[in-house]
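# Descriptive structure summary
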Amino acid sequence: MTKEQNDYINYRLQRATETLNDARLLAENERWNSSINRLYSCFYAVSALLYSQSIEARTHKGVRIKFMGEFIKAGVFDKDFGKLFSDLFDWRQEGDYSDFISFDKDLTIPLIYKSEEFITLIKAFLKSNETLTLTVL
């Protein structure tokens with residue numbers, strides 16, 4: 001893996017971590033809809049994962065499809081993480097483009113922990129790849 005490829009993967013993982021932290025801050029201020037929106041931080045980690053395997057996706061939907069096919073259906077990651085990623089994608093869309101959507105604490109708080117677990121799992125998978133030097137853990 002080249003330095004540029006490694007840097008890009010680390011950049012995406014850093015974005016995932018920062019955006020997850022944003023979701024936490026928003027939840028602390030009871031901004032549930034905005035927190036759910038930022039929990040889609042998993043997108044950055046999944047895009048880093050796909051990139052590390054030379055899997056190309058040009059859209060958010062493409063990232064979801066490729067992740068499901070290459071990692072969930074193949075059994076690399078538990079199907080619960082596939083459901084989480086799909087749900088976060090859908091809820092982000094609903095929160096941004098639908099009227100009268102109201103997320104709450106009971107939904108949001110557990111999702112923060114699940115999203116953190118998901119991102120950590122992807123980082124661990126990437127770290128196990130000996131050709132990659134992760135700076136974000």
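The notes below deal with the structure included here. (Residues numbered from 1 in each chain as written. Predicted model: local features only at pLDDT ≥ 70, side-chain atom pairs only at ≥ 80, totals over all residues. Heavy atoms only, no water.)

### With respect to the overall build of the chain
Rule in force here: A run of DSSP states H or I qualifies as a helix once it reaches four residues; a run of E qualifies as a strand once it reaches two. Both are numbered from the N-terminal end. The size measure is the radius of gyration over C-alpha atoms, and the globule rule it meets is 2.2 Å times the number of residues to the 0.38 power. When a residue's accessible area, from a 1.4 Å probe over protein chains only, is under 20% of the maximum for its type it is buried; when over 50% it is exposed; and in between it is partly exposed. Here, two residues are considered to be in contact whenever any of their heavy atoms come within 4.5 Å of each other. Methods summary: accessible areas were calculated by the Shrake-Rupley approach with a probe of 1.4 Å, and residue burial reflects only the protein chains presented. Counted as positive: Lys and Arg. Counted as negative: Asp and Glu. His and the chain ends are not counted at all. The location of each charge is read from NZ of Lys, CZ of Arg, CG of Asp or CD of Glu.
If you tally the helices and strands in the chain, you get 6 helices and 0 strands. Its helices and strands taken in sequence order, the chain reads α-α-α-α-α-α from the N to the C terminus. Taking 14 Å as the expected radius of gyration for a compact globule of 137 residues, we find that the chain reaches 15 Å, a close match to that expectation. Residues classed as buried in the chain amount to 42% of the 137 residues present. Here the contacts in the chain between residues at least 6 apart in sequence split such that 64% fall between residues at least 24 apart. About 7900 Å² of surface is accessible on the chain, with carbon and sulfur atoms providing 48% of the total. Of the charged side chains in the chain, 18 are positive and 20 negative, and the gap between their average positions amounts to 4 Å.

### Points about the packing of helix 3 (residues 42-52) against helix 4 (residues 60-72)
In plain terms, the rule: Axis definition: a line fitted to C-alpha atoms, over the contacting stretch in the case of helices. Angles run 0 to 180 degrees between N-to-C directions. Reported orientations rely on four angle classes, namely roughly parallel under 35 degrees, roughly antiparallel over 145, roughly perpendicular from 65 to 115, and oblique for the rest. Left-handed describes a crossing in which the near helix is turned anticlockwise from the far one by less than a right angle; the clockwise case is right-handed. Under this grouping Gly is polar, as are all residues other than the nonpolar Ala, Val, Leu, Ile, Met, Phe, Trp, Tyr, Cys and Pro and the charged Asp, Glu, Lys and Arg.
Across the interface, helix 3 lies against helix 4 with an axial gap of 10 Å and an inter-helix angle of 60°. Here helix 3 lies oblique to helix 4, going by the angle between them. Relative to helix 4, helix 3 is oriented so that their crossing is left-handed. For the pair helix 3 and helix 4, contact is made by Phe43, Val46, Ser47, Leu49 and Leu50 and by His60, Val63, Lys66, Phe67 and Phe71, respectively. In terms of residue class, the contact of helix 3 with helix 4 is built from 7 nonpolar, 2 polar and 1 charged.

### Structural notes on the packing of aromatic side chains
What counts here: Aromatic pairing here means that ring centres of Phe, Tyr or Trp (its six-membered ring) are within 6.5 Å. Orientation follows from the plane angle: under 30 degrees is stacked, over 60 is edge-to-face, and everything else is tilted.
Per the counting criterion, the structure on display carries 15 aromatic pairs. Centroid distance Phe67 to Phe85: 5.6 Å. Interplanar angle 75°. Geometry classified as edge-to-face. You can see Phe67 sitting in helix 4 and its partner Phe85 sitting in helix 5 (residues 79-97), a full 18 residues away along the chain. Taking the relative accessible area as the measure of exposure, Phe85 reaches 0% and is therefore buried. An aromatic cluster is built from Tyr40, Phe43, Tyr44, Phe67, Phe71, Phe77, Phe81, Phe85, Phe89, Phe118 and Phe125, whose rings are joined through pairwise contacts.

Everything listed here is a matter of geometry and, on its own, says nothing about what the molecule does.
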